[in-house]
Amino acid sequence: MTTPAALKLLDNFSLEMTGKDIPGLEEASRAIPQGTKINVTFLGNEDLEMRVAAAKRVKELGFVPVPHISARRLQSQQQLEEFLAALHGVDATDHVFCVGGDPATPEGPYPDSLSVIRSGVLQQYGVKEVSIAGYPEGHPDISAEVLWQHLEDKSAALAEQGLDAVVLTQFAFDAEAVLKWVLEVRDRGIDSEIRVGTPGPAGIKRLLGYARRFGVGTSAGIVKKYGFSLTNLMGTAGPDRFVGELGDLLAADARSGRVRTHFYTFGGLLATAEWAQTFGTGH
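Residues numbered from 1 in each chain as written. Predicted model: local features only at pLDDT ≥ 70, side-chain atom pairs only at ≥ 80, totals over all residues. Heavy atoms only, no water.

When its secondary structure is counted, the protein shows twelve helices and ten strands. Each of the 283 residues in the protein was classed as buried or not, and the buried ones make up 52%. Look at the contacts in the protein between residues 6 or more apart in sequence, and 81% of them connect residues 24 or more apart. Surface exposure of the protein reaches about 12300 Å², of which carbon and sulfur atoms provide 50%. (Helix = DSSP H or I, 4+ residues; strand = E, 2+ residues; numbered from the N terminus. Buried < 20%, exposed > 50% of the residue type's maximum accessible area, 1.4 Å probe, protein only. Contact = heavy atoms within 4.5 Å. Areas by Shrake-Rupley, 256 points an atom, 1.4 Å probe, with all protein chains shown as cover.)

Laid out in structure tokens, this is it:
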């Protein structure tokens, strides 16, 4: 049975899609609450037109687009401004997610998301709220000390510029590790809303593949806590246990503040939306 604490964590959840997922979004739209934030990725195999078309369709269907800006993929300030101008043209710049991105070497003048934030360009195109990345289970290539410093610096830069901030996390499997991280965020004086990333229902092999790619812990103990076994890789797994446990842990500590759920759908927008409907009914 779904607990009130888990329902609170699930309330006003957000979703993620790629530029190629417009048909999936249209199929899932009946199961997604109006006004839901839907993040639109900035992947290397997408182009400006795909990203803008996806953000436009999100808006047309009654949801809130949150386009990603991948700092290290931007080849110039002109490219950033062209992207923001195109998004502004479809009324999709109120909310953005600014992230460093995957390339080992920056393709242009922005080595990280902080440099994009500090450029002052975002406000020129109507950006009001910026999501920044958090890593409850760490990052394979960046030390914990550096991650914390970046989070503090970005939070301070957004506050100085009068922009609202949301901390959006990489997906995690360990609810206790997430709670510990959330409390440290608060101890460091950051009171922004936190959206904890978790995978929507997906095949176990696929989940483990993404986890390895992003450096998320996949030890037998952690995945067992999440709710599946490394000895049975043919099935699917959903976030029921993770959301339930994390909701209860957060509710037991008032310091946790505003925390919601963000779903990485891995192309399964309808499956994730229907899971949220079912979980939300208390079953």
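Don't stop here, the text continues.
This part is about the pairing of strand β2 (residues 37-40). Burial of the side chains of β2 extends over both faces: Lys-37 and Asn-39 are buried on one face and Ile-38 and Val-40 on the other. Bridge analysis of strand β1 (residues 14-17) against β2 gives three bridges, and the strand direction is parallel. Bridge assignment links Met-17 to a residue of β2, and that residue is Val-40. For the handedness criterion, the β-α-β arrangement of β1, helix α2 (residues 22-28) and β2 is classed as right-handed. One ladder, built from four bridges, connects β2 with strand β3 (residues 64-70); its direction is parallel. Considered in β3, the bridge of Asn-39 is made with Val-66. Remark: the β2/helix α3 (residues 48-60)/β3 crossover connection has right-handed handedness. (Pairing = 2+ DSSP bridges. Right-handed = clockwise from strand over helix to strand, strands pointing away.)

Now for the nonpolar core. Grouped together as the largest cluster of nonpolar side chains are 71 residues, with contacts concentrated most on Met-17, Leu-25, Ile-69, Val-116 and Val-130. For this core, the element with the most residues is helix α8 (residues 175-187), which contributes seven residues. Beyond its immediate stretch of four places on either side in the chain, Val-116 contacts Ile-69, Ala-71, Leu-74, Leu-80, Cys-98, Tyr-110 and Leu-122. (Core = buried A, V, L, I, M, F, W, Y, C linked by side-chain atoms within 4.5 Å.)

The next thing to look at is helix α4 (residues 77-89). With 13 residues, α4 ought to run about 18 Å at 1.5 Å a step, and its terminal C-alpha atoms sit 18 Å apart, in line with that. Within the sequence span of α4, burial applies to Leu-80, Phe-83, Leu-84 and Leu-87. Viewed along the axis of α4, the buried residues span an arc of 95°, placing them on a single side of the element. For α4, exposure combined with an orientation more than 90 degrees from the buried face picks out Gln-78 and Gly-89. Along its buried surface, α4 packs onto α3, β3, α5 (113-118) and α6 (121-124). Where α4 ends, the next residue or the one after it, Asp-91, has phi of about 60°, a positive value. (Expected span 1.5 Å × (residues − 1). Arc of directions from axis to C-beta.)

Positionally, Asp-21 belongs in the loop between β1 and α2. For Asp-21, a relative accessible area of 14% corresponds to the buried category. When neighbours within four sequence positions are excluded, Asp-21 is seen to be in contact with Gly-267 and Leu-269.

The next point concerns the environment of Ile-38. Looking at the secondary structure, you find Ile-38 in strand β2. Taking C-alpha positions, Ile-38 is 7.1 Å from Val-58, a pair spaced 20 residues apart along the chain. Apart from residues no more than four positions distant in its own chain, Ile-38 is found in contact with Leu-15, Met-17, Leu-25, Ile-32, Val-58, Phe-63, Val-64, Pro-65 and Val-66.

Judged by pairing direction, the barrel is parallel, and its eight strands sit side by side in the order β1-β2-β3-β4-β5-β6-β7-β10 before closing back on the first. Going from strand to strand, the sheet's axes swing by 30° on average, the running direction of each strand aside. With six bridges connecting them, strand β5 (residues 129-134) and strand β6 (residues 164-169) associate as parallel partners. Bridge pairing in β6 links Gly-134 to Thr-169. Contacts between helix α12 (residues 269-280) and the sheet are confined to β1 and β10 (259-264), with β1 contributing the most and set at about 170° to the helix. (Axes fitted to C-alpha atoms, helices over the stretch in contact; angles between N-to-C directions.)

Okay, α8 next. A rise of 1.5 Å per residue sets the reference length of α8, with its 13 residues, at 18 Å; its end C-alpha atoms lie 18 Å apart and thus fit the reference within 8%. Against β5, α7 (144-160), β6, β7 (193-199), α11 (240-251) and β10 lie the buried residues of α8.

Our next topic: the packing of aromatic side chains. Per the counting criterion, the structure on display carries eight aromatic pairs. On the numbers, 4.7 Å between centres and 15° between planes, the contact of Trp-275 with Phe-279 is stacked. With Trp-275 and Phe-279 both in helix α12 and four residues apart, the pair spans about one turn of that helix. For Trp-275, a relative accessible area of 10% translates into the label buried. Taken together, the aromatic side chains of Phe-13, Phe-263, Trp-275 and Phe-279 make up a single cluster linked through ring pairs. Lying over the aromatic face of Phe-42, Arg-51 brings its terminal NZ or CZ to 3.6 Å of the ring centre. (Phe/Tyr/Trp six-rings, centres within 6.5 Å; stacked < 30°, edge-to-face > 60°. Lys NZ or Arg CZ within 6 Å of the ring centre and 35° of its normal.)

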